[in-house]
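Here's the letter readout for the chains.
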Amino acid sequence: MLRSVKGVICQGPKLDSGYFLHASARAWLSAAVNQDVQISAEKPRTVFRTNESNPASHAEQHEGQHYSIPLQEVKVVFPHGLPYRFQMQMKTFNESCLMVRKPALELLGYLKNTNFAHPAIRYVIYGEKGTGKTMTLCHAVHYCAKQDWLVLHIPDAHLWVKNCRELMQSSYNKERFDQPLKASTWLKNFKTSNDHFLKEIKTQQTYMWSKRESTEKGRPLGEVVEQGLTRVKNASDAVGVVLKELKKQCPLGSFRLLVAVDGINALWGRTTLRKKDKSAVSPEELTLVHNLRKMVVNDWNGGAIVTTLSQTGSLFKPRSAYFPHELLGKEGFDTLDPFIPIQVSNYSQREFESCYQYYLDRKWLQHKRARTEEGRKELLFLSNSNPWQLERISAYL
């Protein structure tokens, strides 16, 4: 009886342990593959984009990633518009994304740890053409705007020393020349970015514009701006008054002031402007340049001065020049010295990969070979990791 029962037990269905191990391994492998596919699909996004849109929170872990600025915010912080090629990208991609780069993180670190009781520190951003100096400055401008600083932004100082047809003799100082149209344009953009400050800051003295018009002491600074907008011939003098009042009141501590000048080397170069006798106009003879030079002298505290050196638009300078002493000249260098230099170089390997993935994500690279490894290496070689060159080459693909 026991023998028959044993036989029944032994004749039961055989369990193939090898089959079960194989099936288990196959299920695990399938799950792992699916997980890897999901990770590989998500990995590029985590590499090239970050959800942290506040520059104050940017740190080393965000280096090489793109962060988004709402388009409505761009209109307020950068009313004059960002660089032309970047504006074209914004229009195409329907978004405004800046890459968080090491020079910008270095600059933001300095600004966060500034002792505002000391004279304003000057920062000079320099580098070869197309490396991203202007975008580094814009990153700092956005940071300060988000921290509720008053931002005095000159988007391109070279425009003040060339191609100016509305040059006229100053009514305040006969030895200087006004540029009313350029001054009124700047005042309009300055008002857009700092409208709430202009209502709070009061003038510390009376300003006479004509025999009948004046701005009394204790009036909102916004009235000076309006004077320059409604009476265009007074626009250059209005800019001078605004800069003077800001420089005097910033040390009082009621606001933080950022003076951001793109292409500051234009203030000590040569101009293409001519007087009636066909002689050249020097930069110091221009009212706008004269007043801006005063702002970059660090005899005030409560803010910071961030500038860039630019070969683009630089007059009568070698194209290969990019070091501060080359573009500023002796006079400009001595005026800004001492300053903290911040060099912006070509993309690092990580930054290039981030930009490449961003272009793929935005469907900016349409050529089928651009999506291959060979195509990526070719873009790397042709652009030499230069941001401007990479953008130009990618535009045709």
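Residue positions within a chain follow its written sequence, with the count starting from 1. Given that the model is predicted, a residue must reach a pLDDT of at least 70 before its local features are reported, and side-chain atom pairs must reach 80 or more before they are shown or counted; all residues, however, enter totals for whole chains, interfaces and linings. The side-chain values count all of the structure's non-hydrogen atoms but skip hydrogen atoms and water molecules.

Student: Describe the sheet that holds strand E3 (residues 121-126), naming the residues involved and giving the relevant values.
Tutor: A pair of strands is labelled paired if DSSP reports no fewer than 2 bridges between them. Numbered from the N terminus, helices here are DSSP runs of H or I no shorter than four residues, and strands are runs of E no shorter than two. If you trace the five strands from one edge of the open sheet to the other, you get E4-E9-E10-E3-E11, paired in parallel fashion. Bordering the open sheet on either side are strand E4 (150-154) and strand E11 (340-343), each of which pairs with just one other strand. Each neighbouring strand pair of the sheet contributes to a mean axis angle of 15°, computed without reference to strand direction. As paired strands, strand E9 (residues 257-262) and strand E10 (residues 303-308) are joined by six bridges and run parallel to one another. Within the sheet, the bridge partner assigned to Val-259 lies in E10 and is Ile-305. The contact rule is simple, with two residues in contact once any of their heavy atoms fall within 4.5 Å. In this analysis an axis means a line fitted to C-alpha atoms, helices contributing only their contacting stretch, and an angle means the value between N-to-C directions, from 0 to 180 degrees. Packed on one face of the sheet, helix H5 (residues 102-112) meets E3, E10 and E11 and runs near 155° to E11.

Student: I'd like a description of the packing of helix H12 (residues 349-361) against helix H14 (residues 387-394), backed by residues and values.
Tutor: Running from amino to carboxyl end, H12 crosses H14 at an angle of 25°, the nearest separation of the two axes being 12 Å. Looking at the two axes, H12 sits roughly parallel to H14. In terms of crossing hand, the pair formed by H12 and H14 is right-handed. For the pair H12 and H14, the contacting residues are Phe-352, Cys-355 and Tyr-359 in the first and Leu-390, Glu-391 and Ser-394 in the second. For the contact of H12 with H14, the per-class residue count stands at four nonpolar, one polar and one charged. Throughout, the term roughly parallel applies to angles under 35 degrees, roughly antiparallel to angles over 145, roughly perpendicular to angles from 65 to 115, and oblique to all others. Left-handed describes a crossing whose near helix is turned anticlockwise from the far helix through less than a right angle; right-handed describes the clockwise counterpart. Each residue gets one label: Ala, Val, Leu, Ile, Met, Phe, Trp, Tyr, Cys and Pro are nonpolar, Asp, Glu, Lys and Arg are charged, and the others, such as Gly, are polar.

Student: So what about empty space enclosed by the protein? Which residues, and what values?
Tutor: Left-over empty space is what a probe sized like a water molecule reveals as it rolls over the atoms. Within this scheme a cavity is a closed region of a 1 Å grid, computed over the protein atoms alone, that accommodates a 1.4 Å probe without allowing it to escape, whereas a pocket is open but has protein on both sides within 12 Å along at least five of seven lines; lining residues each have an atom within 4 Å of a point. Grid points are joined across faces, edges and corners, and a volume is the space filled by probe spheres set on the points. By the definition in use, this model includes three cavities of 30 Å³ or more. Roughly 80 Å³ of internal volume is contained in the largest cavity. In this structure, the largest cavity is lined by Val-77, Pro-79, His-80, Val-151, His-153, Trp-186, Asn-189, Phe-190, Ser-193 and Asn-194. Taken together, the elements giving at least two residues each to the lining of the largest cavity come down to E4 and helix H7 (180-200). Top contributing element to the lining of the largest cavity by residue count: H7, with five residues. The residue inventory of the lining of the largest cavity, partitioned by class, reads five nonpolar, five polar and no charged. Reported here for the second largest cavity is a volume of approximately 70 Å³. Tallied by class, the residues present in the lining of the second largest cavity amount to four nonpolar, four polar and two charged.

Student: How would you explain the environment of Tyr-143 if you had to name every residue and give the values?
Tutor: Within the element layout of this structure, Tyr-143 appears in helix H6 (residues 133-146). Between the C-alpha atom of Tyr-143 and that of Leu-108, which follows or precedes it by 35 residues, the distance is 7.7 Å. Beyond its immediate chain neighbours, meaning those up to four positions away, Tyr-143 contacts Pro-55, Ala-56, Leu-108, Leu-111 and Lys-112.

Student: Would you mind going over the confidence of the model for the protein in detail, with residue names and values included?
Tutor: As a note on interpretation, predicted positions should not be read in detail where pLDDT is low. Per-residue confidence from the predictor is reported as pLDDT, a score between 0 and 100. With 88% of its residues at a pLDDT of 70 or more, the protein has an overall mean of 87. Overall, residues 1-46 carries pLDDT values under 50, and its contacts beyond four positions in sequence, including any with other chains, amount to three contacts.

Student: Give me the side chain of Gln-227: which residues, what numbers.
Tutor: Residue position: Gln-227 is located in helix H8 (residues 221-230). By relative accessible area, Gln-227 is classed as buried at 10%. Aside from chain neighbours lying at most four places away, what touches Gln-227 is Trp-209, Glu-213 and Asn-234. The buried label applies to any residue whose accessible area, calculated with a 1.4 Å probe on protein chains only, is under 20% of its type's maximum; exposed applies above 50%, and partly exposed to all values in between.

Student: Describe the packing of aromatic side chains, with residues and values.
Tutor: The rule is short: rings of Phe, Tyr and Trp, with Trp giving its six-membered ring, pair when the centres are within 6.5 Å, and they are stacked under 30 degrees, edge-to-face over 60, tilted in between. Inspection of the entire model under this criterion finds 12 aromatic pairs. Seen in terms of ring centroids, Phe-333 and Phe-339 are 5.4 Å apart; in terms of plane orientation they differ by 80°. Their pairing is edge-to-face. Joined through ring pairs, the aromatic side chains of Phe-48, Phe-93, Tyr-358, Tyr-359 and Trp-364 make up one cluster. As a reminder, the over-ring test applies to NZ of lysine and CZ of arginine, requiring each to be within 6 Å of the ring centre and within 35 degrees of the ring normal. Lying over the aromatic face of Phe-116, Arg-256 brings its terminal NZ or CZ to 4.0 Å of the ring centre.

Student: Explain the layout of surface pockets residue by residue, including any values.
Tutor: Of the voids in this model, the largest pocket is the one considered here, and its volume is about 1200 Å³. Contributing to the lining of the largest pocket are 45 residues, with Pro-83, Arg-85, Phe-86, Thr-134 and Met-135 lying nearest its centre. Sorting the residues of the lining of the largest pocket by element identifies helix H4 (84-93), strand E2 (96-99), H6, H12 and H14 as the ones contributing at least two each. When residues of the lining of the largest pocket are assigned to their parent elements, the largest contribution, seven residues, is made by H6. Among the residues making up the lining of the largest pocket, the classes are represented as 20 nonpolar, 18 polar and seven charged. Here the second largest pocket defines a volume of roughly 540 Å³. Contributing to the lining of the second largest pocket are 20 residues, with Tyr-172, Asp-237, Gly-240, Val-241 and Lys-244 lying nearest its centre. Elements with a contribution of two residues or more to the lining of the second largest pocket: strand E7 (207-208), helix H9 (235-249) and helix H10 (287-295).

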